Amino acid sequence: MSLALALVLALVALNAMLLWLWVRRSGVASTQTLTLLEQTVRQLHDQLERMERDLRHDITESSRSGRQELTQTLASFQLSQVQQLSLMQTTVSDTLNQQLQQLQRSNAEKLDEMR
């Protein structure tokens, strides 16, 4: 439920309580009216508690969803980094292998020239 709805219900509950206090102090209302007001206040209180529970549940679910999304994003990032490192390792290995082969050929040619 939205925060605005919760605020409205809280204000309604506050108004009901203030009305109950005013009626109680002025002695205008009958016992039946007071009982009705008390019931209304209890119902509003119960509704507010339900809304609070729902809001807590929604926040918990939202944070859980956020954590799952973050975990998936980090796993995807880790996988891409591993793939990039693997590609880099292969490239460096190939480059070093080529340089080593060139060096061996060059050394063999120089050795042949010296003989």
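Notes on the structure in this doc start here. Owing to the predicted nature of the structure, the values given are computational and were not obtained by experimental measurement. (Residues numbered from 1 in each chain as written. Predicted model: local features only at pLDDT ≥ 70, side-chain atom pairs only at ≥ 80, totals over all residues. Heavy atoms only, no water.)

Section: the overall build of the chain
Counting its secondary structure elements, the chain contains two helices and zero strands. The C-alpha atoms of the chain give 38 Å as radius of gyration, which overshoots the globular expectation for 115 residues (13 Å, by more than 25%). Counting only C-alpha atoms and orienting by the principal axes, one finds that the chain spans roughly 125 × 15 × 15 Å. Carbon and sulfur atoms provide 59% of the accessible area of the chain, an area that totals close to 9900 Å². Charged side chains of the chain number 11 positive and 12 negative; the gap between the two group centres comes to 10 Å. (Helix = DSSP H or I, 4+ residues; strand = E, 2+ residues; numbered from the N terminus. Rg over C-alpha atoms; globule rule 2.2 N^0.38 Å. Areas by Shrake-Rupley, 256 points an atom, 1.4 Å probe, with all protein chains shown as cover. Lys, Arg positive; Asp, Glu negative; His and termini not counted. Charge placed at Lys NZ, Arg CZ, Asp CG, Glu CD.)

Concerning the nonpolar core
In this structure, Leu9, Ala13, Ala16, Leu44 and Met51 together form the largest nonpolar core, which totals five residues. Breaking this core down by element, the ones donating at least two residues are α1 (3-26) and α2 (31-114). Examining the composition of this core, we find that three residues originate from one element, α1, more than from any other. In contact with Leu9, other than residues within four places in its own chain, are Leu44, Gln47, Leu48 and Met51. (Core = buried A, V, L, I, M, F, W, Y, C linked by side-chain atoms within 4.5 Å. Buried < 20%, exposed > 50% of the residue type's maximum accessible area, 1.4 Å probe, protein only. Contact = heavy atoms within 4.5 Å.)

Describing the pattern of salt bridges
Pairing is possible between side chains that carry opposite charge, provided their charged atoms lie close to one another. For the coordinates displayed, the defined rule picks out three salt bridges. Glu38 is the salt-bridge partner of Arg42, the closest N and O atoms lying 3.9 Å from each other. Of this pair, Arg42 and Glu38 both sit in helix α2, four residues apart, which is roughly one turn of that helix. Given the relative accessible area of 28%, Glu38 is considered partly exposed. The salt bridge partner of Arg64 is Glu61, with a shortest N-O separation of 2.5 Å. A residue pair is termed a helical-turn pair when its members lie 3 or 4 positions apart in one helix, as Arg64 and Glu61 do in helix α2 at three residues. Residue class for Arg64 comes out partly exposed when judged on its relative accessible area of 36%. Exposure remark for Glu61: the relative accessible area of 35% places this residue in the partly exposed category. (Salt bridge = Lys/Arg side-chain N within 4 Å of Asp/Glu carboxyl O.)

Details of the environment of Ala16
Along the chain, Ala16 falls in helix α1. Its relative accessible area of 10% is what places Ala16 among the buried residues. C-alpha of Ala16 to C-alpha of Arg53: the two residues are 37 residues apart in sequence and 22 Å apart in space. Contacts of Ala16, omitting those with residues within four sequence positions, involve Val41 and Leu44.

Focus: α2
For α2, with 84 residues, the first-to-last C-alpha span of 122 Å sits near the 124 Å given by 1.5 Å per residue. Within the span of α2, buried status applies to Leu34, Leu37, Leu44 and Met51. (Expected span 1.5 Å × (residues − 1).)

As for the environment of Arg50
Positionally, Arg50 belongs in helix α2. Residues Arg50 and Val92, 42 residues apart in the sequence, show an inter-C-alpha distance of 62 Å.

Some thoughts on the environment of Ile59
Mapped onto the fold, Ile59 is located in helix α2. Measuring from C-alpha to C-alpha, the distance between Ile59 and Leu79 comes to 30 Å, with 20 residues separating the pair along the chain.

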